[in-house]
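Notes for the structure review
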Amino acid sequence: MQAAALIPAPDALPIAAGWLEGLLIITFALHILLVNTVLGGAIVCSVRSVVSKNSFSIKKVSKVLPSLFALAVNLGVAPLLFVQMLYGQYMYTSSILMGVYWLSVVFLAIIAYYALYVFAGRYGGHSKFSLSIFLSSAAMLCIGLVMSNNMTLMLRPDVWSAYFASPDGTILNFDDPTMGLRYLHVVVASIAVGGLVLALVARYKMAQESPELAVQEERLGLNIFLFASLVQILVGVTLYFALPAHVHTLFSGGSEFYTGSLLIALAFVAMLLFQAAARNLYGTITTLVFTVLVMAGLRALIRKAMLDPYGGIAALPVQAEYSPFLMFIISLTFGLVAIAYMIKLAMRSNEEA
């Protein structure tokens, strides 16, 4: 059976696809930064809780992880909706093919969230060590594995015919050479960001109480970030060569736009490594935000190149309805202001405590 015959008919878009793609890139970059922070923070807490039974920095990190987890989940709704609008005919299909695992994300998220609260309450108290942080980390890693499977399976209509041999919703995309590398890309990035979280907490929460220890913890955090970033480069290069030939060609001179985008991304990576090696915490964080935004753009280009042979977004019909989009922008603006205010109140409460 032809792969194109398995793709459902797409719905019409309310506005031009470029607007939705731009919002998808921005919201996904913000979402993945929070995901990296929570997962990386949990992994760092897991290791440090074994090495140090009563670390001041881990106490502080553990207190903010549950709130950041909630923000990451809620902020993930926006890019998920944009993906469904632009690529619904692909994503809905892949979600059904792996439906059993896809539905498990809800339960895994509940476990991860609750376990973060348990760790925040127990660490440093009468119970010096808690397995809850390992449980939370494991649950989040499983969520990432399911998400990576779905996000790559939606790009492979050519393998959807496996449904006819296994219609029970248990199809995974492990045969795809890029799936594992994409997953590893997120995990290693999270460990790097976890190091930055440790460095940031050391600078702002430990400097007054223990200046020497604060310097050591900040240095350790930046070293974690730098080492993980170097590993990330190796993963990224391997992923680049694992891409399908026609996608790889676009980034290797086949398209000026694709090649230029890759060169810009590499320039940001070089700046990021320079800032981290120079121990510039502010510079590293700032450069990281822009680097993630550029990488989210590269991810969108790869997705476009993978789906163009099947029609992609170029073939999507547009039925202009601007009022819902305008209401969304207004609601999003008020929502972001409200979230910023809540974060401000939470930080003030944390400082008073």
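Each remark here, short or long, concerns the structure printed above.
Numbering of residues starts from 1 in each chain and follows the order in which that chain's sequence is written. With the structure being a predicted model, the display of local features is reserved for residues of pLDDT at least 70 and the display and counting of side-chain atom pairs for 80 or more, all residues being used for whole-chain, interface and lining totals. The side-chain quantities take in all heavy atoms of the structure and omit both hydrogens and water.

Brief notes about a nonpolar patch on the surface
A surface patch of nonpolar side chains, about 410 Å² in accessible area, is lined by Ile26, Leu30, Val289, Phe290 and Leu293. Going along the chain from the N terminus, every DSSP run of H or I of four or more residues is numbered as a helix, and every run of E of two or more is numbered as a strand. Only helix H1 (17–51) and helix H10 (281–307) provide two or more residues apiece to the nonpolar patch. Counting residues per element, the nonpolar patch draws most heavily on H10, which supplies three residues. One can find Phe290 in helix H10. Patch membership needs two things, relative accessible area over 30% and no salt bridge, and members are linked within 9 Å if like-charged or within 5 Å if nonpolar (Val, Leu, Ile, Met, Phe, Trp, Tyr). Each accessible area is a Shrake-Rupley estimate made with a 1.4 Å probe; only the visible protein chains count as cover when residues are assessed. The term salt bridge refers to a side-chain nitrogen of Lys or Arg lying within 4 Å of a carboxyl oxygen of Asp or Glu.

Examining unusual backbone geometry
One can expect most non-glycine residues to show negative phi and most peptide bonds to be in trans. Unusually for a residue other than glycine, Arg279 sits at a positive phi of about 60°. Position of Arg279 relative to the elements: it lies in the loop between helix H9 (256–277) and H10.

Thoughts on the side chain of Thr259
Relative to the assigned elements, Thr259 resides in helix H9. Note on classification: 1.4 Å probe, protein chains only; a residue is buried when its accessible area is under 20% of the maximum for its type, exposed when over 50%, partly exposed between these limits. Classification of Thr259 by relative accessible area gives buried; the value is 19%. There is a polar contact of 2.9 Å between the side chain of Thr259 and the backbone nitrogen of Gly253. Between N or O atoms, a polar contact is any pair within 3.5 Å; within protein, one atom must be a potential hydrogen donor and the other a potential acceptor, and residues adjacent in sequence are included only when both atoms are from side chains.

Side note on the pattern of salt bridges
Applying the stated criterion across every chain yields a total of six salt bridges. Two residues, Arg303 and Glu21, come together in a salt bridge whose shortest N-O distance is 3.0 Å. Taken together, the positions of Arg303 in helix H10 and Glu21 in helix H1 put the pair 282 residues apart, joining distant regions of the chain. Given the relative accessible area of 7%, Arg303 is considered buried. With relative accessibility at 12%, the residue Glu21 sits in the buried group. Where Arg203 meets Glu218, a salt bridge forms, and the shortest distance between an N and an O atom there is 2.6 Å. Taken as a pair, Arg203 in helix H6 (residues 179–205) and Glu218 in helix H7 (residues 211–242) lie far apart in primary sequence, 15 residues in all. Classification of Glu218 by relative accessible area gives buried; the value is 14%. Several salt bridges converge on common partners, so that one network encompasses Arg156, Asp158 and Asp176.

Some thoughts on helix H3 (residues 77–97)
Its 21 residues place the ends of H3 only 21 Å apart at the C-alpha level, less than the 30 Å of an ideal helix rising 1.5 Å per residue. Think of it this way: the bend at a residue is just the angle between two axes, each fitted to seven residues, one set ending at that residue and the other starting at it. Bending of H3 peaks at approximately 110° at the position of Tyr87. To estimate the expected span of a helix, count its residues, drop one, and scale the result by 1.5 Å.

Some words on the nonpolar core
By size, the foremost hydrophobic cluster in this structure holds 82 residues, and its most contacted members are Leu86, Tyr87, Met154, Phe251 and Leu288. Residue contributions to this core peak at 14 residues, all from H1. Here Leu288 is in contact with Leu33, Val193, Leu196, Phe225 and Leu272, once residues within four sequence places are set aside. To define a nonpolar core, start from buried Ala, Val, Leu, Ile, Met, Phe, Trp, Tyr and Cys residues and group those joined through side-chain atoms within 4.5 Å. In this description, contact between two residues means that some pair of their heavy atoms is separated by no more than 4.5 Å.

Focus on the packing of H1 against H10
Taken N-terminus to C-terminus, the directions of H1 and H10 make an angle of 130°; their axes are 9 Å apart at the nearest point. Taken together, the axes of H1 and H10 are oblique relative to one another. The hand of the H1/H10 crossing is right-handed. In this structure, H1 contributes Glu21, Leu24, Ile25, Ile26, Phe28, Ala29, Ile32 and Leu33 to the contact, and H10 contributes Leu288, Val289, Val292, Leu293, Ala296, Gly297, Arg299, Ala300 and Arg303. Axes here mean lines fitted to C-alpha atoms, for a helix over just the part in contact, with angles spanning 0 to 180 degrees between N-to-C directions. Roughly parallel here means an angle under 35 degrees, roughly antiparallel means over 145, roughly perpendicular means 65 to 115, and every remaining angle is called oblique. Each crossing gets its handedness from the near helix: less than a right angle anticlockwise from the far helix is left-handed, clockwise is right-handed.

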